Amino acid sequence: MEVPSFDDAAAMIASTKPDGMYVSVPPFAHGPAEHSVDAGATLCVEKPVVLGMRVGRDLGRLPGAVHRFGRPRTELPRGRRVGMALATRVEGIPGAPWWRTERIGGGMLVEMHTHAVAMLRLLVGEVKSVCAMTDTRLIGERPELPGLDIPDVEASTLRFASGALGVVANACALVGGLRLPGAGGTHILAQGLGPSLGGGSPSASFEGGKSEPLPGRGLHDHRLNEAFVHAIRTGDR
Ligand SMILES: NC(=O)c1ccc[n+]([C@@H]2O[C@H](COP(=O)([O-])OP(=O)(O)OC[C@H]3O[C@@H](n4cnc5c(N)ncnc54)[C@H](O)[C@@H]3O)[C@@H](O)[C@H]2O)c1
């Protein structure tokens, strides 16, 4: 089968007239592709949807948009009082050149750890206030990584509308084979319950000593694609 290729999203959309479209472009490139599709097409927009609120609100008004880019891997802790949520991620700097420049990539919290922020909003609710600090402490000048200007450590303290507290912290300072085993994941401390997501074996621990595994990432991705295809077939967005 011959598959046509294009170097311009608008030309591809005009030629192929898709019913649905994954938009998986770097953060700075969102907007033109989403605006080029017909009003009826269904969109699955990769995170981070945009770098700023103005374009975000604009895309949110598109009739074809699927607004949520993932489902929670658990319904827990719905209905229980949450005391605190913790989300941490520690990595190196990925290879895509746009990733390390804040103006086009957004930095690690916006580009990568946004997954955890979305998960916390789904599971714990909206955030009422935030106190955040960022700095560049470890990566310094890296001549082999031109354009590098993002913070390498970011830490935020949250107060959710429910009153629960949250901590979101991430770093992209791992270089030269350095590792920090056990440092990543999203954990929620609720009344009688502690779901832990991320890492190799997500699980929920219950008061009384019981613990049960939660679905892994594969199922989560599969459900996202199922929901997208369902939205295209039925118009249920
Ligand atoms: N949900 C997840 O788990 C997950 C995983 C990986 C990546 N992502 C997200 O997907 C996005 C893309 O990441 P990637 O690693 O594939 O990036 P990438 O740099 O490999 O680029 C992806 C594609 O975008 C195209 N592109 C670049 N600039 C463009 C422009 N101006 N207009 C149209 N197309 C353009 C590139 O040609 C490439 O085909 C990022 O926002 C990233 O956060 C999400």
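Residues numbered from 1 in each chain as written. Predicted model: local features only at pLDDT ≥ 70, side-chain atom pairs only at ≥ 80, totals over all residues.

### Concerning the overall build of the protein
Phase 1 of the analysis: Along its length, the protein carries 7 helices and 11 strands.
Phase 2 of the analysis: Radius of gyration (C-alpha) of the protein: 20 Å, near the 18 Å computed for a compact globule of 237 residues.
Phase 3 of the analysis: Overall, the protein is about 60 × 50 × 35 Å in size when its C-alpha atoms are taken along their principal axes.
Phase 4 of the analysis: Across the protein, the fraction of contacts at a sequence separation of at least 24, relative to all contacts at a separation of at least 6, is 58%. (Helix = DSSP H or I, 4+ residues; strand = E, 2+ residues; numbered from the N terminus. Rg over C-alpha atoms; globule rule 2.2 N^0.38 Å. Contact = placed C-beta atoms within 7 Å.)

### Thoughts on the site of the ligand
Phase 1 of the analysis: Taken together, the residues surrounding the ligand are A9, S24, V25, P26, P27, A29, E46, K47, P48, A96 and E111.
Phase 2 of the analysis: Across the shell around the ligand, the residue classes tally to 7 nonpolar, 1 polar and 3 charged. (Near = placed C-beta within 6 Å. Nonpolar A, V, L, I, M, F, W, Y, C, P; charged D, E, K, R; others polar.)

### Here's the deal with the sheet that holds strand 6 (residues 153–160)
Backbone hydrogen bonds are what pair the strands of a sheet, in a parallel or an antiparallel way.
Phase 1 of the analysis: In space, the 8 strands of this open sheet follow the order 5-6-7-4-8-9-10-11, with mixed pairing throughout. In this open sheet, the two edge strands, each paired with only one partner strand, are strand 5 (127–135) and strand 11 (211–213). If you compare each strand with its neighbour and ignore which way they point, the axes differ by 10° on average.
Phase 2 of the analysis: By the bridge criterion, 6 bridges tie strand 4 (residues 82–90) to strand 8 (residues 185–190) in an arrangement that is antiparallel. Its bridge partner lying in strand 8, L86 is registered against H187.
Phase 3 of the analysis: Those strands touched by helix 6 (residues 114–124) are strand 4, strand 5, strand 6, strand 7 (165–171), strand 8 and strand 9 (193–197), and its axis lies near 165° from that of strand 4. (Pairing = 2+ DSSP bridges. Axes fitted to C-alpha atoms, helices over the stretch in contact; angles between N-to-C directions.)

### Notes on the pairing of strand 4
Phase 1 of the analysis: In terms of strand pairing, strand 4 meets strand 7 through 7 bridges, oriented parallel. Along strand 7, the bridge assignment pairs T88 with A169.

### Let's talk about the domain arrangement of the protein
Phase 1 of the analysis: You can read the domains of the protein as domain 1 (9–69) and domain 2 (82–214).
Phase 2 of the analysis: For domain 1 versus domain 2, the distance between C-alpha centres works out to 26 Å.
Phase 3 of the analysis: Opposite the 6 residues of domain 1 that make contact, domain 2 presents 9 residues. (Domains from an automatic or database assignment.)

### Brief notes about helix 6
Phase 1 of the analysis: Those residues of helix 6 not exposed but buried are A116, V117, M119, L120, L123 and V124. Take helix 6 and look down its axis: the buried residues cluster within an arc of 160°, on one side only.
Phase 2 of the analysis: Tucked inside the fold, the buried residues of helix 6 contact strand 4, strand 6, strand 7, strand 8 and strand 9.
Phase 3 of the analysis: Directly after helix 6, the chain includes G125, whose backbone phi takes a positive value near 110°. (Buried ≥ 20, exposed ≤ 12 C-beta atoms within 10 Å, placed from the backbone. Arc of directions from axis to C-beta.)

### What to know about the nonpolar core
Phase 1 of the analysis: Core analysis: the biggest nonpolar cluster contains 16 residues, and V82, A85, A116, L120, V124, V168 and I188 have the highest contact counts within it.
Phase 2 of the analysis: Of all the secondary-structure elements, those providing two or more residues to this core are strand 4, helix 6, strand 7 and strand 8.
Phase 3 of the analysis: When residues of this core are assigned to their parent elements, the largest contribution, 6 residues, is made by helix 6.
Phase 4 of the analysis: In this view, L120 contacts A85, A87, G166 and T186; residues no more than four positions away in its chain are not counted. (Core = buried A, V, L, I, M, F, W, Y, C linked by C-beta atoms within 7 Å.)

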